[in-house]
Each structure stands twice: as structure tokens, then as C-alpha cells.
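# Analysis of the macromolecular model
Next come the chains, spelled out residue by residue.
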Amino acid sequence: MTYILSTYLGVTIFFVEHPCICSLLSLFLRFLWSVSALLYCYETCSSKMIQKSVNKYVVLFSVHSDNRYLFWPEVFLTSLSTLDPCVQRIFNSNRNKTYKEREESMDAHDIIGDVIECTPRFQLWVEYPRENIVDFGNIINPRACSSTPSVVHWPVQKDVYYILSLVGADYPSRERRTEYTEWNHWLIVNIQGNNWADGEVLAEYIGPHLLKGKGFHRYVFLVYQQPTGKMKFDEPRLNKTYGKKIRRNFCIREFAVKYDLESPIAGNWFFTP
């Protein structure tokens, strides 16, 4: 006979008298937790991180439960927090913003209006090396984001191609900005899924500038969905040394109009001092 003892984090803890029933419930609950964990990480981590952690999840889900009590919620959360720093940050993080929080952040600092017309539907997860996470207006030292992000992740659809962009909204300063003073720091097109490293690079990554005495600068990550699958882009290919004049006369909205792109589906942004 099975009795419901209590519910913790939305999961029922059972008291089971029969060992066979306990074993079946244990396997079933183990399967549910494994699926839910991988789905959660898929929404918040890059596929590379999942591949690095998947073997550790197998160890986690084979944790022994005795023949009478199934304390899977406690076992799962405690063990998970000790396995992988990436997953630990996700579970302990308050960085997953609601749509309203994202809209308020972008509206209060004029991302809406200066750079884009409306708040993207999804949050774009961006992390630089040494756990420097882009978080809707937090401050990141330019030296910390001088190299390509280690993580860039957004919700994707099957057989859909995307565009990833990073623009500096305030070149040379916020007070002197115009419609065409965005700086094109990074632009990749024809990205299938989240595989941005395999996309077609129109502008190689150049980190934020060290502009002392110019105030805080806004840097905006955006993801657009391509309307017709893989596309041809009539744009110069910009490396780290060529095309800086082209980069500083960029406008992401004009680029979107040129290629019939709808509003960005995902975004995030940060300040540099």
C-alpha cells in the first residue's frame, strides 16, 4: 500500500510498503527527474555544456533510495549543486528575467527607441569567460569582455536559421549618438540552431572600447530569425583590422529592413564604464 506523506517542490514523497512497488516507482521517478533536468538545462545552457555534464547526471540518477522512502527532490537538488559549476549557477541564479522585467530594463535605458522598436520575446543568455554574465544592464569591465563570449544561447526551432548581433549603442558617447553611430562589434548570419560558432561571420568579434571620460556605454546583444532559411548577404566581410569605418556607421534596424527581418526574437544588454 502507498501513502502520500508530503509534497516538496511540487513532487510527492511516497511511503511504500511493498519493495517491488518501490523499485518501479524509483525507476519511474528517476526517469522523470532525468528528463526534466535535461530539458531545463537545454533551455538555459549551450549544447556543449549539456554534453560535458550528461555523464554526471547518470551518476546522480543512480543514487540509491531505500525500500521505504523516496526522497528524490532532496537527493536531486543537493547532488546537482555539487556536480557542475554551470548547472549550479543556473539553479542558484536569479538572472532569468520575466518579460516585464526585461521590458522595464530596456525601456528605462532607451534600448527601446534607440536600438530596437520593442522588447524581444526571449531572453538571450550570454556569458563571458570567468563567469561574467550579461544581465540586462549590469556593468562589465571592458577587459572582461574583450574576447568572444563562452556561452550564447537562445530558444530555437528546427530547421530555422538565425542572426546574432552585438552593437555598441553609444559611439562615441551617448550624448553625441545619432541613428548611424551604432558600432558593429559582432555579426554572424546563417546560424542553424544555437551553433553560432559554425555560422557565417560578417563581422568578427571586437570587444567594447576603453573610452575613458565618455561615460557608460550600452552594448546590446540581439538575435533575429531569418525569414527564408539560409540566405545570401550582400555585406563586406569585416575582420579585426579591416572595416572599422564601416563598423562605426552601422544601424541594426536598417540591416533588419534591408533583409526583411522581423523584430528580434531574443536579446540582452550590459553597460561598460
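Residues numbered from 1 in each chain as written. Predicted model: local features only at pLDDT ≥ 70, side-chain atom pairs only at ≥ 80, totals over all residues. Heavy atoms only, no water.

### Considerations on the overall build of the protein
Condition: Going along the chain from the N terminus, every DSSP run of H or I of four or more residues is numbered as a helix, and every run of E of two or more is numbered as a strand. The buried label applies to any residue whose accessible area, calculated with a 1.4 Å probe on protein chains only, is under 20% of its type's maximum; exposed applies above 50%, and partly exposed to all values in between. The contact criterion used throughout is that any non-hydrogen atoms of two residues lie within 4.5 Å. Per-residue and other accessible areas follow the Shrake-Rupley method at a 1.4 Å probe size, with only the shown protein chains counted as cover for residues.
Helix and strand counts for the protein stand at eight helices and twelve strands. The burial tally for the protein puts 45% of its 273 residues in the buried class. Of all intrachain contacts in the protein linking residues separated by at least 6 positions in sequence, the fraction that spans at least 24 positions is 72%. Here the protein has roughly 14,500 Å² of accessible surface; of this, 55% comes from carbon and sulfur atoms.

### Remarks on the packing of aromatic side chains
As a reminder, the rule being used: Between 30 and 60 degrees the pair is tilted, below 30 it is stacked and above 60 it is edge-to-face, where a pair is any two Phe, Tyr or Trp rings, Trp via its six-membered ring, whose centres lie within 6.5 Å.
Overall, the coordinates contain 14 aromatic pairs when judged by the stated rule. These aromatic residues form a ring-pair network of at least three members: Tyr 128, Trp 186, Trp 196, Tyr 205, Tyr 219, Phe 221 and Phe 270.

### Quick word on the environment of His 185
Within the fold, His 185 resides in strand E9 (residues 183-192). Judged by relative accessible area, which is 1%, His 185 ranks as buried. The spatial distance from the C-alpha of His 185 to the C-alpha of Tyr 205 is 5.7 Å, given a sequence separation of 20 residues. Setting aside anything within four residues of it in sequence, one finds His 185 in contact with Leu 166, Val 167, Gly 168, Glu 204, Tyr 205, Ile 206, Gly 207, Pro 208, His 209, Tyr 219 and Arg 247.

### Structural notes on the pattern of salt bridges
Here is the rule: By salt bridge we mean one thing: a side-chain nitrogen of Lys or Arg within 4 Å of a carboxyl oxygen of Asp or Glu.
Inspection of every chain in the model, using the stated rule, returns six salt bridges. Here Asp 135 makes a salt bridge to Lys 97, at a shortest N to O gap of 2.7 Å. Of this pair, Asp 135 sits in the loop between strand E5 (132-133) and strand E6 (138-139) while Lys 97 sits in the loop between helix H4 (85-92) and helix H5 (99-108), and the two are 38 residues apart along the sequence. With a relative accessible area of 23%, Lys 97 lands in the partly exposed category. A salt bridge links Arg 218 to Asp 114; the shortest N-O distance between them is 3.1 Å. Note that Arg 218 is positioned in strand E11 (residues 217-225) and Asp 114 in helix H6 (residues 111-114), a separation of 104 residues in sequence. Connected through shared salt-bridge partners, Asp 114, Asp 170 and Arg 218 make up one network.

### Things to note about the side chain of Arg 247
Counted only if it meets this: Counting rule applied: Lys, Arg positive; Asp, Glu negative; His and chain ends not counted.
You can see Arg 247 is positioned in helix H7 (residues 244-247). For the buried Arg 247, no salt bridge exists, and the shortest N-O distance to an oppositely charged side chain is 5.9 Å, to Glu 204.

### Overview of the sheet that holds strand E4 (residues 125-128)
Here is the rule: If DSSP finds at least two bridges between two strands, the strands pair.
If you trace the three strands from one edge of the open sheet to the other, you get E5-E4-E7, paired in antiparallel fashion. In the strand order of this sheet, the two ends are held by E5 and strand E7 (151-153), each with one partner. As paired elements, E4 and E7 share three bridges and run antiparallel to each other. Paired with Glu 127 across the strands is Val 151, a residue of E7.

### Side note on H5
For clarity, the cut-off: Think of it as the arc spanned by the lines of direction from the helix axis to the C-beta atoms.
Listing the buried residues of H5 in full gives Arg 102, Ser 105 and Met 106. Projected down its long axis, H5 shows its buried positions confined to an angular sector of 90 degrees, all on one face. Away from its buried face, by an angle of more than 90 degrees, H5 presents the exposed residues Lys 100 and Ala 108. One or two steps after H5, the chain reaches Asp 110, where phi turns positive at roughly 60 degrees.

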